[in-house]
Amino acid sequence: MEGEIRNFIAVWITVMASLCYCHAIGKFISKGTSRLFTILPIIFLFLYLPLRLTTIHLGAPTTFLIAWLGTFKLLLFAFGKGPLSSDSSISLPRFILLGCLPIKPQQSQSKEKQNPSLQTRKLPLNYAAKIMLLSVILRIYKYKEQLHPKIILVLYCLHIYVALELLLAIFAALARALGRLELEPQFDEPYLSTSLQDFWGRRWNLVVTGILRSTVYDPVRSFSTRLIGRKGAQFLATMATFFVSGVMHELIFCYSGRMKPTLEVTSFFLIHGVCLVLEIRMKKALNGKFRVPPVVSTPATLAFVVVTSLWLFFPPVLRFDADVIAQREAAAFLVFVKDVFGVSSIASSNITMKGSLG
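This is a predicted model, so every value here is computed, not measured.

Criteria and cut-off values
- Residues numbered from 1 in each chain as written.
- Predicted model: local features only at pLDDT ≥ 70, side-chain atom pairs only at ≥ 80, totals over all residues.
- Heavy atoms only, no water.
- Helix = DSSP H or I, 4+ residues; strand = E, 2+ residues; numbered from the N terminus.
- Expected span 1.5 Å × (residues − 1).
- Bend = angle between axes of the 7 residues up to and from the residue.
- Phe/Tyr/Trp six-rings, centres within 6.5 Å; stacked < 30°, edge-to-face > 60°.
- Buried < 20%, exposed > 50% of the residue type's maximum accessible area, 1.4 Å probe, protein only.
- Lys NZ or Arg CZ within 6 Å of the ring centre and 35° of its normal.
- Patch = residues over 30% accessible without salt bridge, like charges linked within 9 Å, V, L, I, M, F, W, Y side chains within 5 Å.
- Areas by Shrake-Rupley, 256 points an atom, 1.4 Å probe, with all protein chains shown as cover.
- Salt bridge = Lys/Arg side-chain N within 4 Å of Asp/Glu carboxyl O.
- Core = buried A, V, L, I, M, F, W, Y, C linked by side-chain atoms within 4.5 Å.
- Contact = heavy atoms within 4.5 Å.
- pLDDT = per-residue confidence, 0-100.

The terminal C-alpha atoms of helix α9 (residues 206-257), which comprises 52 residues, lie only 26 Å apart, well short of the 76 Å expected from a rise of 1.5 Å per residue. Along its length, α9 reaches its greatest deviation from straightness, about 130°, at I228. Downstream of α9 by one or two residues, R258 has phi in the positive range, about 50°.

A word on the packing of aromatic side chains. Applying the stated rule across the entire model yields 17 aromatic pairs. When the ring of F64 is compared with that of W68, the centres are 5.8 Å apart and the planes differ by 85°; the resulting orientation is edge-to-face. In this pair, F64 and W68 both sit in helix α3 (residues 56-78), 4 residues apart, roughly one turn of the helix. Residue class for F64 comes out buried when judged on its relative accessible area of 11%. Taking the centre distance of 6.2 Å and the plane angle of 75° together, the rings of Y161 and Y191 count as edge-to-face. Placement of Y161 in helix α7 (residues 149-179) and of Y191 in the loop between α7 and α8 (196-203) is noted, with a sequence separation of 30 residues between them. In this arrangement the basic side chain of R35 is found over the ring face of F77, its NZ or CZ atom lying 4.6 Å from the centre.

Turning our attention to a nonpolar patch on the surface. A contiguous nonpolar patch, built from M282, L286, F290, V292, V295 and V296 and spanning about 590 Å² of accessible area, is present on the exposed surface. Where the nonpolar patch is concerned, the elements lending two or more residues are α10 (264-286) and α11 (294-313). Following the sequence through the fold, V296 ends up in helix α11. Given a relative accessible area of 45%, V296 falls into the partly exposed group.

One finds V15, L19, F46, F64, W68, L74 and W200 to be the most contacted residues of the largest nonpolar core, which totals 82 residues. Among the elements that make up this core, the one with the highest residue count is α3 (14 residues). For V15, the residues in contact, after removing those within four places along its chain, are F46, L49, I66 and C100.

Close inspection of predicted coordinates is inappropriate for parts of the model with low pLDDT. When pLDDT is averaged along the protein, the result is 85, and 90% of the positions lie at 70 or above. Per-residue pLDDT, averaged within each element of the protein, yields its smallest value for helix α5 (residues 110-114) (46) and its largest for helix α2 (residues 33-48) (96). Predicted confidence for residues 110-114 stays below pLDDT 50, and this span has 5 contacts to residues more than four positions away or in other chains. Contacts for the low-pLDDT stretch residues 344-358, under 50 throughout, to residues beyond four places or in other chains number 0 contacts.

Right, here's the structure in full:
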């Protein structure tokens, strides 16, 4: 564990140094292909760095933050777009914060007006309840031998959602404290989704949604509209977005479990992409004449997400025993912390004893 923590520190020092270089490049080289070629080595470096980490707890978040979001942000930065280009006079500390963390500063109040539920931050009680839920889930894992495998998979669904939201909330709090930033929300209670469009577009992991919209959906739609028309371009852009999302999830699983991609996760996202397109076209065809009440649409949406997740999303995770490995890592980390603090306490007691004898 000590070697892994050293590698983790070295990786993130390299990331911050690389972002300092990119910030300097932005001052001297104008947006476009020239800037892209100058930061391309950093993009490849960001794809390589997570491979230096072998644990799930440190490797998976680093892959998500650097190999996925970091590279996509740098691609947008090369062309003067995205959060790294939101302000032409952006300071270096803010540039590093936006480059490292899964956050997006608020640009306007328009989205808040469209969705009043996003106007205020979540109450601490909301997070306290989710921390309690996560602790309950971790305790239930001790009895998983007596539980049906499908129940365990449902628990994994809850575990990933709660853990991801809490992790992103910590990153957001860190950004607010260090950069005094007002941030757009990262989640908006996805269990209240009334449709796939509502789930993926307005409630689930909204920072990633925004990055994918800027890097994949908008460019593909703009380019293909001239070739296949507006409707065809919307379909192609939606499918391209879900495909890229699937590939990046495969990358995270591949890096975390050191296993070959099976394309099951990519298939999960492609199925959701097709169903989302069909859902949108059905809404347009009905033109508001008929709406499914939330009491029906919300359970149906959640059931579809959970069932498809159990079918395609979680099997690759279970194949390399991610839960077992994660528990071993947590135990090893606790032993490491106890050893560190044990040595420091012994050293301090020895110093105190010598001082009293002297």
